[in-house]
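Single-letter residue listing:
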Amino acid sequence: MGQDHPGRPHHAAVNAGEAGRMKSPNQLSALEAARAIEAGTLTSEALVRACLDRIAERNLDVLAFTATDHELALRHARHADQQTGGVLRGIPFAVKDVIETRDYETAYGSPIYLGHRPRVDAGSVARACENGAVLLGKVATSEFATQTPSNTRNPHDLRHTPGGSSSGSAAAVADCMVPVAFGTQTTASIVRPASYCGVVGYKPTFGFIGTAGLKPLSPTQDTIGLLTRTVEDAAFFAFGLHGARVADRDDLSPRLAICRSGQWEHARPEMIDAVERVAREAQRHGAVVRTITLPREIEDLYDLQARLFAFEARQSLAHERLHDSDKFSERLKQRLAGGLGITPDEYLTMRRRAALARAQLASLFDGVDALLYPPAQGEADAGLADSGSPRFGALWSLLHVPCVSFPVTRGPQGLPIGVQAIGAHGDDARLLAIAAFLARVAADR
């Protein structure tokens with residue numbers, strides 16, 4: 001498999017449609033590119049070449065991609081150009097390296113699996129390709145999608161973390177290397193890097209994107225989602241995986257609630273300002289906004305989420321723990337040690353408490369279409385040794401509800417800050433429409 005970067009060909013200018021200006025193909029959103037391909041003004045081959053050129057130009061600095069195969073990607077792009085069907089026809093995508101691919105090594109971010117090549121694609125990858133998308137390559141993950149970071153850097157400032165564990169996914173999309181990337185979230189691993197890198201992070205309702213072929217970590221919480229540059233792209237690709245299209249909704253007058261909790265004490269002033277700004281702008285554009293407080297019995301599940309994770313991850317990584325623990329990071333060893341002493345009865349009790357909380361959470365959405373919440377403590381911290389606190393995603397991952405982080409502003413250091421919108425269980429289409437509305441009104445300010 002070729003890993004080197006070929007010469008960079010000249011790109012023909014492509015009309016970006018609604019944007020009303022010329023863009024390089026790799027700068028197009030997924031939806032813009034899909035419309036141009038359908039209109040015959042862009043080929044998948046030209047789009048894939050532009051993405052590969054951007055990878056060649058920037059990846060040695062950003063370190064988002066771990067593997068590409070230029071000839072393979074271009075061959076698949078040419079095949080897509082010869083087809084007429086497929087909702088996602090010709091759109092390149094990248095895959096976080098805890099999701100298995102038969103054409104690329106899948107190392108799960110661990111030296112234990114260097115050179116490992118699965119026999120089949122994960123279900124999510126196969127579904128994307130079935131609907132016409134073109135696999136561009138693999139992007140970096142932290143160790144087994146836990147807290148020991150990859151080498152990826154934030155493309156807005158290489159001295160800062162991109163967040164984790166979907167670090168490569170967020171950085172590659174933010175740097176216009178690819179329009180769409182699969183990420184995963186067990187605690188906050190989609191919404192936090194999305195906020196840090198200034199892109200959209202969509203964590204679907206638990207199970208909406210199948211997890212077959214994902215390296216399990218905490219199976220009751222593991223969720224495959226997407227990193228994109230617009231909310232509309234997330235909706236387009238997520239529903240396109242299922243062969244469906246999402247209808248535009250411009251008539252929204254959403255009912256929103258700023259959801260306060262004790263976790264807000266850990267949010268920096270610029271993050272709180274961003275959430276409140278989105279609420280004000282939404283209200284100015286016709287939304288109804290109120291403030292609610294997260295019930296204490298739900299907020300108290302934050303510690304339970306970490307213990308549930310430790311118990312399940314200790315099982316999921318049992319083989320590696322028993323045979324290759326010398327290749328674990330110290331951080332992972334300590335995290336798995338947190339599962340020691342948790343009895344089966346305690347685990348099952350935690351499962352029951354989580355199920356009860358999911359039922360209770362439904363009442364928060366009586367008269368509310370979406371909650372507004374921080375996705376991270378603020379902008380990305382300096383340094384690469386730590387990828388930031390996962391606290392702002394933990395409860396929502398445990399509760400299985402859909403979440404969308406979308407970029408809103410810049411912080412004191414000039415780095416992106418996003419806001420998180422949270423929907424009711426299974427209400428993904430409405431949430432994505434509301435998040436698109438919120439992203440628009442925030443940009444119009």
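Just so it is clear, the model here is predicted, and its values are computed rather than measured.

Participant: If you had to explain the pairing of strand β8 (residues 223–228) to someone new, which residues and values would you point to?
Facilitator: Judged by how many residues are buried, β8 sits mostly within the fold: six of six residues are covered. Burial along β8 is two-sided: Thr223, Gly225 and Leu227 and Ile224, Leu226 and Thr228, pointing in opposite directions, are all buried. Two elements, strand β6 (residues 180–185) and β8, share six bridges in a ladder whose sense is antiparallel. The partner of Ala181 across the bridge, within β8, is Leu227. In this structure, strand β7 (residues 200–203) lies alongside β8, joined through three bridges in antiparallel fashion. Counted as the bridge partner of Tyr202 is Leu226 from β8.

Participant: Please give an account of the sheet that holds strand β11 (residues 370–373) that cites residues and values.
Facilitator: One open sheet accounts for 11 strands, arranged β3-β5-β4-β6-β8-β7-β12-β13-β11-β9-β10; its pairing is mixed. Two strands lie at the open edges of the sheet, namely β3 (65–68) and β10 (288–293), each paired on one side alone. Strand-to-strand twist across the sheet, computed as the mean angle between neighbouring axes with direction ignored, equals 30°. Where strand β4 (residues 92–96) and β6 come together, three bridges link them in parallel fashion. Its bridge partner lying in β6, Phe93 is registered against Val180. Contacts between helix α7 (residues 231–240) and the sheet are confined to β4, β6, β7, β8 and β12 (403–410), with β8 contributing the most and set at about 135° to the helix.

Participant: Explain the layout of surface pockets residue by residue, including any values.
Facilitator: In this model, the largest pocket occupies a volume close to 1000 Å³. Forming the walls of the largest pocket are 40 residues, and the residues nearest its centre are Leu31, Arg35, Thr230, Glu232 and Asp233. Elements represented by at least two residues in the lining of the largest pocket include exactly α1 (30–39), α7 and α15 (428–444). Residue contributions to the lining of the largest pocket peak at seven residues, all from α7. Partitioning the lining of the largest pocket into residue classes produces 18 nonpolar, seven polar and 15 charged.

Participant: Any details on the packing of helix α10 (residues 301–316) against helix α14 (residues 391–398)? Residues and values, ideally.
Facilitator: As a packed pair, α10 and α14 sit with axes 9 Å apart at the nearest point and diverge in direction by 80°. Taken together, the axes of α10 and α14 are roughly perpendicular relative to one another. Taking contact as the criterion, the partners of Leu301, Tyr302, Leu304, Gln305 and Leu308 in α10 are, on α14, Arg391, Ala394, Leu395 and Leu398. Split into classes, the residues belonging to the contact of α10 with α14 amount to seven nonpolar, one polar and one charged.

Reading guide: rules and limits
Residues numbered from 1 in each chain as written. Predicted model: local features only at pLDDT ≥ 70, side-chain atom pairs only at ≥ 80, totals over all residues. Heavy atoms only, no water. Buried < 20%, exposed > 50% of the residue type's maximum accessible area, 1.4 Å probe, protein only. Helix = DSSP H or I, 4+ residues; strand = E, 2+ residues; numbered from the N terminus. Pairing = 2+ DSSP bridges. Axes fitted to C-alpha atoms, helices over the stretch in contact; angles between N-to-C directions. Contact = heavy atoms within 4.5 Å. 1 Å grid on protein atoms, 1.4 Å probe; cavity = no way out; pocket = protein on both sides within 12 Å on 5 of 7 lines; lining within 4 Å. Points joined across faces, edges and corners; volume = space filled by probe spheres on them. Nonpolar A, V, L, I, M, F, W, Y, C, P; charged D, E, K, R; others polar. Parallel < 35°, antiparallel > 145°, perpendicular 65-115°, else oblique.

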